Amino acid sequence: MSAAIVRATAAELGRRIAARELTSVEVTQAFLDRIAAHDGAINAFLHVDAAGALEQAAAVDARLDAGEKLGPLAGVPVALKDLFCQRGVPTTAASAILAGWEPPYDATVTRRLKDAGLVILGKTNLDEFAMGSSTENSAFGPTHNPWDVERIPGGSGGGSAAALAAYLAPLAIGTDTGGSIRLPASVTGTVGVKPTYGGTSRFGVIAMASSLDQPGPCARTVEDAALLHEVIAGHDPADSTSIDAPVPPVSEAARSGDVAGLRVGVVKELGGEGYEPGVEERFAEALDALRAAGAEVVEVSCPNFTYALGAYYLIMPSEVSSNLARYDAMRYGLRVGDDGTRSAEEVMNLSRGAGFGDEVKRRIIIGTYALSSGYYDAYYGSAQQVRTLIARDFDAAFEQVDVLVSPSTPTVAFPLGERVADPLAMYAADLCTIPSNLAGNASASFPCGLSDGLPVGFQVMAPPLADDRLYRVGAALERALAGAGGCVLCDALADGPAGAYLDVAKEA
Ligand code: GLN
């Protein structure tokens, strides 16, 4: 029974809970049991809120028993990246500087999950303040990839993606500043969507780089991601960059999966040298599948994408240096050395020195430098100009095609520890994902098979507010590549080679 529960899709769980064949409490308990049994090996969760989750589940059950009609995901559990404020629940951003902090309010995304009757299981691990590509920058230890626990689960949202891949949760929430939803989805064989910038609210999300950060849905199937997208998206007056426009029809697109006549542009610059052969092969096969489903595939050039990584690593740290100035040890968070003999400035220095990890400090220093007078125009100013050129590349490309595609990341999951000492190698993992953050358009990663037993991701990029096109392509791929299991990951689980993940998931 509980194996069937944890293996079901979120859509299926929602239907069975609404039909009262299952209670939300039963479903929630099945996932809590599985987390208790297996998260020791994965470290997907920083905090499991068992009591709070069961309380939310019982409340949803009571509403449904009373005949209330709730949404399609009512009663279904979800894992929340520990970057979202949740009232009264520890929220750390995986940083020692926020250890033990409990927000006095809910993020808009958190509140919308609760309002739709979803049950929040707990807070998932991430790179500190979402800065990283492997979840190794967490102050609370790395998350392990369920496909091979010696490898990275991607970052920064490795905890959310690993929770899905290990069947510790049916749904999860991430944030994507430079790829933190799509990269973990890619290397764990799951679905991850970065909505159009402004499509989901940043209110109550601990800020990394405000002009780039965007919350989004993570799931094992395209339909599940779409249903979750609809729960969290939509205008929020509390976020000044929130777009006041209808939510794109994403679940309709996920159900349709019709790509007949869709013009698909392969970005010439996102492939070739540095891309693993296994990644390029799966990508090519996915293109064949789209062609077979009636899509028109052409090559498109976006010459300025080559400069995206360089521009991002100036703009992002500049915003980081400003956003993280709020951790001053005076109002909340860690305070070190306040023994009555030191000045406020000395206490700030000691606290920030002790509370921030190396990568966070590196970015604060780079950002402060890039913004300093005398260097501002040369660094921050020119990076912003490049950002505009990249947005223009997208505009020109979307005159010719409906969506752009590329591999989600140049390689499959790399071994834990391999790139920790080499920040530039780590940054290269985001080569394909960053252009969409700089331009603010919608983008997603969908599983497209395995290379040497490890998942490969297929990235789709769509114009702003055309998020539904992502789901259309994702659903077409899922149909072409998945068999009876309904998702690519489930099939690999049934047929794939033995591995730590398979053992973990088969025991379910
Ligand atoms: N890996 C990228 C970085 O370290 C992206 C992080 C993110 O999207 N939060 O900046």
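The residue count restarts for each chain, going from 1 along the sequence in the order it is written. The predicted nature of this model means local features are confined to residues of pLDDT at least 70 and side-chain atom pairs, given and counted, to a pLDDT of 80 or more, with totals for whole chains, interfaces and linings taken over all residues. Side-chain calculation: all heavy atoms of the structure are included, whereas hydrogens and water are not.

Enquirer: Is there a simple way to think about the overall build of the protein in this case?
Expert: The helix and strand tally for the protein stands at 19 helices and 11 strands. Atoms counted for the radius of gyration: C-alpha only. Globule rule: 2.2 Å times the number of residues to the power 0.38. For 508 residues, the compact-globule estimate of 2.2 N^0.38 gives 23 Å, and the protein sits close to it at 21 Å. The cut-offs for exposure are 20% and 50% of the maximum accessible area for each residue type, with area from a 1.4 Å probe on protein chains only; residues under the lower value are buried, those over the upper are exposed, and the others partly exposed. Sorting the 508 residues of the protein into buried and exposed places 60% on the buried side. Residues count as neighbours in contact if any of their non-hydrogen atoms are within 4.5 Å of one another. Taking all contacts inside the protein whose residues are at least 6 apart in sequence as the whole, residues at least 24 apart take part in 75%. Within the structure as shown, the protein displays about 17,800 Å² of accessible surface, and the carbon and sulfur contribution to it stands at 52%. Positive and negative side-chain charges of the protein, numbering 38 and 62 respectively, have mean locations separated by a distance of 3 Å. Think of it this way: any DSSP run of H or I at least four residues long counts as a helix, any run of E at least two long counts as a strand, and we number them from the N terminus. Using the Shrake-Rupley algorithm and a 1.4 Å probe, accessible areas are obtained, with residue cover drawn only from the displayed protein chains. Here Asp and Glu are counted as negative and Lys and Arg as positive; His is not counted, and neither are the chain ends. A single reference atom marks each charge: NZ on Lys, CZ on Arg, CG on Asp, CD on Glu.

Enquirer: Quick question: what am I supposed to make of the environment of Leu168 here?
Expert: Position of Leu168 among the secondary structure elements: in the loop between α6 (158–165) and β4 (171–175). Using a relative accessible area of 0% as the deciding quantity, one classes Leu168 as buried. Setting aside residues up to four positions removed in sequence, Leu168 forms contacts with Phe31, Arg34, Ile35, His38, Asp39, Ala44, Phe45, Leu121 and Ala163.

Enquirer: Explain a nonpolar patch on the surface here, please?
Expert: Here the term patch refers to residues with relative accessible area over 30% and no salt bridge, with like charges joined within 9 Å and nonpolar side chains (Val, Leu, Ile, Met, Phe, Trp, Tyr) within 5 Å. Salt bridge, as applied in this entry: a Lys or Arg side-chain nitrogen positioned within 4 Å of an Asp or Glu carboxyl oxygen. Nonpolar side chains collect at one region of the surface, where Tyr369, Tyr375 and Tyr379 lie side by side and expose about 280 Å² of accessible area between them. Mapped onto the secondary structure, Tyr369 falls in helix α13 (residues 358–371).

Enquirer: I keep staring at the site of the ligand and nothing clicks. Help me out?
Expert: Only a single heavy atom is needed: when it lies within 4 Å of a molecule or strand, its residue is near that molecule or strand. Lining the immediate environment of the ligand, one finds 16 residues, of which Gly178, Ser180, Tyr312, Arg363 and Asp430 sit closest. Whenever two N or O atoms come within 3.5 Å, that pair is a polar contact, provided that in protein one can donate a hydrogen and the other can accept it, and provided that, for residues adjacent in sequence, both atoms are side-chain atoms. Taking Thr177, its main chain carries an N or O atom lying 2.8 Å from an oxygen atom of the ligand. Taking Tyr312, its side chain carries an N or O atom lying 2.6 Å from an oxygen atom of the ligand. If one sorts the elements of the shell around the ligand by residue count, helix α11 (residues 308–323) sits on top with three residues.

Enquirer: How should I be thinking about the packing of aromatic side chains in this particular structure?
Expert: Aromatic ring pairs: the centre-centre distance and the angle between the two ring planes describe each pair. Classification of ring pairs rests on two measures: the distance between centres of Phe, Tyr or Trp rings, Trp counted by its six-membered ring, which must be within 6.5 Å, and the angle between planes, read as stacked under 30 degrees, edge-to-face over 60 and tilted in between. Within the structure shown, the criterion is met by 15 aromatic pairs. Both rings, one in Tyr327 and one in Phe356, keep their centres 6.2 Å apart while their planes meet at 90°; by these two values the pair is edge-to-face. Highlighted residues: Tyr327 in the loop between α11 and α12 (344–355) and Phe356 in the loop between α12 and α13, separated in sequence by 29 residues. You can call Phe356 buried: its relative accessible area is 5%.

Enquirer: I tried to follow the sheet that holds strand β11 (residues 454–462) on my own but got confused; where do I start?
Expert: Sheet strands pair via backbone hydrogen bonds, and the direction of the pair is either parallel or antiparallel. If DSSP finds at least two bridges between two strands, the strands pair. Spatially, the 11 strands line up as an open sheet ordered β1-β3-β2-β4-β6-β5-β10-β11-β9-β7-β8, and their pairing is mixed. Two strands close off the open sheet at either side, each with one partner strand: β1 (45–48) and β8 (296–300). Averaged over all pairs of adjacent strands, the angle between their axes in this sheet comes to 30°, without regard to strand direction. Bridge count for β1 against strand β3 (residues 119–124) is three bridges, and the pairing is antiparallel. In the sheet register, Val48 faces β3, and the bridge partner there is Gly122. Where helix α17 (residues 467–481) meets the sheet, its contacts fall on β5 (191–194), β6 (215–219), β9 (403–407), β10 (442–451) and β11, and the angle it forms with β10 comes to roughly 15°. For helices, the axis comes from a line fit to the C-alpha atoms of the stretch in contact; other axes are also lines fit to C-alpha atoms, and the angle between any two N-to-C directions lies between 0 and 180 degrees.

Enquirer: Which parts of the structure should I look at to understand α13?
Expert: By this rule the span expected of a helix is its residue count minus one, scaled by 1.5 Å. The end-to-end C-alpha separation of α13 is 20 Å, in line with the 20 Å expected for 14 residues at 1.5 Å each. What α13 keeps buried is the set Glu359, Val360, Arg363, Ile364, Gly367 and Ala370. Viewed end-on, α13 has its buried residues packed into an arc of 135°, placing them on one side of the element. When the buried face of α13 is taken as reference, the exposed residues oriented beyond 90 degrees from it are Asp358 and Ile365. Check the buried side of α13 and you find it contacts α11, α12, α14 (377–400) and α15 (423–427). The reported arc concerns the directions from the helix axis to the C-beta atoms and nothing else.

Enquirer: Would you take a moment to explain the pairing of strand β7 (residues 263–267) for this structure?
Expert: Successive side chains on a regular strand alternate, one facing one side of the sheet and the next facing the other. Taken across its five residues, β7 has four buried, putting it largely inside the fold. Bridge analysis of β7 against β8 gives five bridges, and the strand direction is parallel. Within β8, the position partnered with Val264 by the bridge is Val297. Here a crossover is taken to be right-handed if, once the strands point away from the viewer, the path from the first strand over the helix to the second is traced clockwise. You can see the chain leave β7, run along helix α10 (residues 277–292) and come back into β8, and the turn it takes is right-handed. With three bridges connecting them, β7 and β9 associate as parallel partners. When the bridges of β9 are listed, Val266 appears paired with Val405.

Enquirer: I would appreciate a short explanation of the packing of helix α5 (residues 108–115) against helix α8 (residues 222–232) in the present structure.
Expert: The packing of two helices is summarised by the inter-axis angle and the distance between the axes. Two elements in contact, α5 and α8, have axes whose closest approach is 8 Å; the angle formed by their N-to-C orientations is 110°. Classed by the angle they form, the pair α5 and α8 counts as roughly perpendicular. Only Leu228, Val231 and Ile232 of α8 make contact with α5, whose side of the interface consists of Val109, Arg112 and Leu113. Small angles under 35 degrees read as roughly parallel and large ones over 145 as roughly antiparallel, with 65 to 115 read as roughly perpendicular and the rest as oblique.

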